[in-house]
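Residues per chain are reported as follows:
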Amino acid sequence: MQPFAWSYSALTTYELCPKKYFHLYVAKDVRDADSSFSADGKIVHDAMKARVIDGKPLPLNLRHYEKIAAKFAAAPGEKHGEMKLAINRKFEPCDYFASDVWVRVIIDLTIVQDDSAIVADWKTGKVKD
């Protein structure tokens, strides 16, 4: 059995329904069907990455995000999209799928500026407290 590795998604799934968490992350006997929210979110994430990182125009149906995308695209610094990071229990960086991974995260946008950084997480689903 693989050691436990947590993520924001795993923790929020557990808070929502421990039984669902068990079947998705422990027993792994079911797969979570993509909801329309997650499918739409993936489309927005991909489009924002293409716009901010690669300078590609947003699709017509997502042009309402242009104002915010343009601000991030114009920000100075080294830009990274969908950056996968992981640490082990010693809080050391490790490979995303390393055997000793403890925490995994995917950062939607990182803009490194000298000794600081901007970190953004695109939110498109239902509003949460």
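Structure: above.
Residue numbers here run from 1 along each chain, matching the order of that chain's written sequence. The predicted nature of this model means local features are confined to residues of pLDDT at least 70 and side-chain atom pairs, given and counted, to a pLDDT of 80 or more, with totals for whole chains, interfaces and linings taken over all residues. Values shown for side chains rest on all heavy atoms present in the structure; no hydrogens or waters enter the calculation.

**Focus: the overall build of the protein chain**
Right, on to step 1. Scanning the protein chain from terminus to terminus reveals four helices and three strands.
Right, on to step 2. Taken from the N to the C terminus, the helices and strands of the protein chain come in the order α-α-α-α-β-β-β.
Right, on to step 3. Reported as C-alpha extents along the three principal axes, the dimensions of the protein chain are approximately 45 × 35 × 25 Å.
Right, on to step 4. For the exposure calls, accessible area comes from a 1.4 Å probe over protein chains only, and a residue counts as buried if that area is under 20% of its type's maximum, exposed if over 50%, partly exposed in between. Looking at the protein chain residue by residue over its 129 residues, the buried ones come to 28%.
Right, on to step 5. Long-range contacts, defined as pairs at least 24 residues apart, comprise 39% of the intrachain contacts of the protein chain with a sequence gap of at least 6.
Right, on to step 6. Positive charge is attributed to Lys and Arg, negative charge to Asp and Glu, and no charge count is given to His or to the chain ends. Where a charge lies is defined by one atom per residue type: Lys uses NZ, Arg uses CZ, Asp uses CG and Glu uses CD. Of the charged side chains in the protein chain, 19 are positive and 18 negative; the average position of the first set lies 4 Å away from that of the second. The way it works is that DSSP assigns letters per residue, a run of H or I at least four long becomes a helix, a run of E at least two long becomes a strand, and they are numbered from the N terminus. A contact between two residues is defined here by any heavy atoms of the two lying within 4.5 Å.

**Thoughts on the nonpolar core**
Right, on to step 1. Only buried residues count toward a nonpolar core, which is a set of Ala, Val, Leu, Ile, Met, Phe, Trp, Tyr and Cys residues joined through side-chain atoms within 4.5 Å. Counting residues in each nonpolar core, the largest one holds 13 residues, and the members touching the most others are Met48, Phe72, Leu109 and Trp122.
Right, on to step 2. Breaking this core down by element, the ones donating at least two residues are helix H3 (36-54), helix H4 (66-74) and strand E2 (101-113).
Right, on to step 3. The element contributing the most residues to this core is H3, with four residues.
Right, on to step 4. Ignoring sequence-local partners within four residues, the contact set of Leu109 consists of Val52, Ile53, Phe72, His80, Ile118, Val119, Ala120 and Trp122.
Right, on to step 5. Membership of the second largest hydrophobic core comes to five residues, among which are Ala86, Cys94, Tyr96 and Val101.

**Some words on the side chain of Arg51**
Right, on to step 1. As for its position among the elements, Arg51 is in helix H3.
Right, on to step 2. Classification of Arg51 as buried rests on a relative accessible area of 15%.
Right, on to step 3. Polar contacts, as counted here, are pairs of nitrogen or oxygen atoms within 3.5 Å of one another; within protein the pair requires one atom able to donate a hydrogen and one able to accept it, and residues that are adjacent in sequence qualify only if both atoms are side-chain atoms. Side chain to side chain, Arg51 and Glu66 meet in a polar contact 2.8 Å long.

**Brief notes about the pairing of E2**
Right, on to step 1. Here the rule is simple: two strands pair whenever DSSP picks up at least two bridges between them. Of the pairings in the sheet, the one linking strand E1 (residues 78-88) to E2 comprises 10 bridges and is antiparallel in character. The partner of Met83 across the bridge, within E2, is Ile107.
Right, on to step 2. Where E2 and strand E3 (residues 116-120) come together, five bridges link them in antiparallel fashion. Residue pairing for E3: Gln113 is matched across the bridge by Ser116.
Right, on to step 3. The antiparallel hairpin formed by E2 and E3 contains two residues in its connecting segment, where Asp114 sits at a positive phi of about 55 degrees.

**Focus on helix H2 (residues 18-26)**
Right, on to step 1. Residues of H2 that are buried: Tyr21, His23 and Leu24.
Right, on to step 2. Positive phi appears at Lys28, one or two residues downstream of H2, with a value of about 55 degrees.

**Focus on the environment of Met48**
Right, on to step 1. Among the structural elements, Met48 can be located in helix H3.
Right, on to step 2. C-alpha of Met48 to C-alpha of Trp122: the two residues are 74 residues apart in sequence and 8.5 Å apart in space.
Right, on to step 3. In this view, Met48 contacts Ile53, Leu58, Tyr65, Ile68, Ala69 and Trp122; residues no more than four positions away in its chain are not counted.

**Considerations on the packing of helix H1 (residues 8-16) against H2**
Right, on to step 1. One can describe the packing of H1 onto H2 by two numbers: an axis separation of 5 Å at closest approach and a directional angle of 140 degrees. Judged on the interaxial angle alone, H2 and H1 are oblique. Note on element contacts: H2 touches H1 through Pro18, Lys20, Tyr21, Leu24 and Tyr25, opposite Ser9, Ala10, Thr13, Tyr14 and Leu16.
Right, on to step 2. Nonpolar residues are Ala, Val, Leu, Ile, Met, Phe, Trp, Tyr, Cys and Pro. Charged residues are Asp, Glu, Lys and Arg, and all others, Gly as well, are polar. Partitioning the contact of H1 with H2 into residue classes produces seven nonpolar, two polar and one charged. Each axis is a line fitted through C-alpha atoms, and for a helix only the stretch in contact is used; angles between axes span 0 to 180 degrees, taken between their N-to-C directions. An angle counts as roughly parallel when it lies under 35 degrees, as roughly antiparallel when it exceeds 145, as roughly perpendicular when it falls between 65 and 115, and as oblique in every other case.

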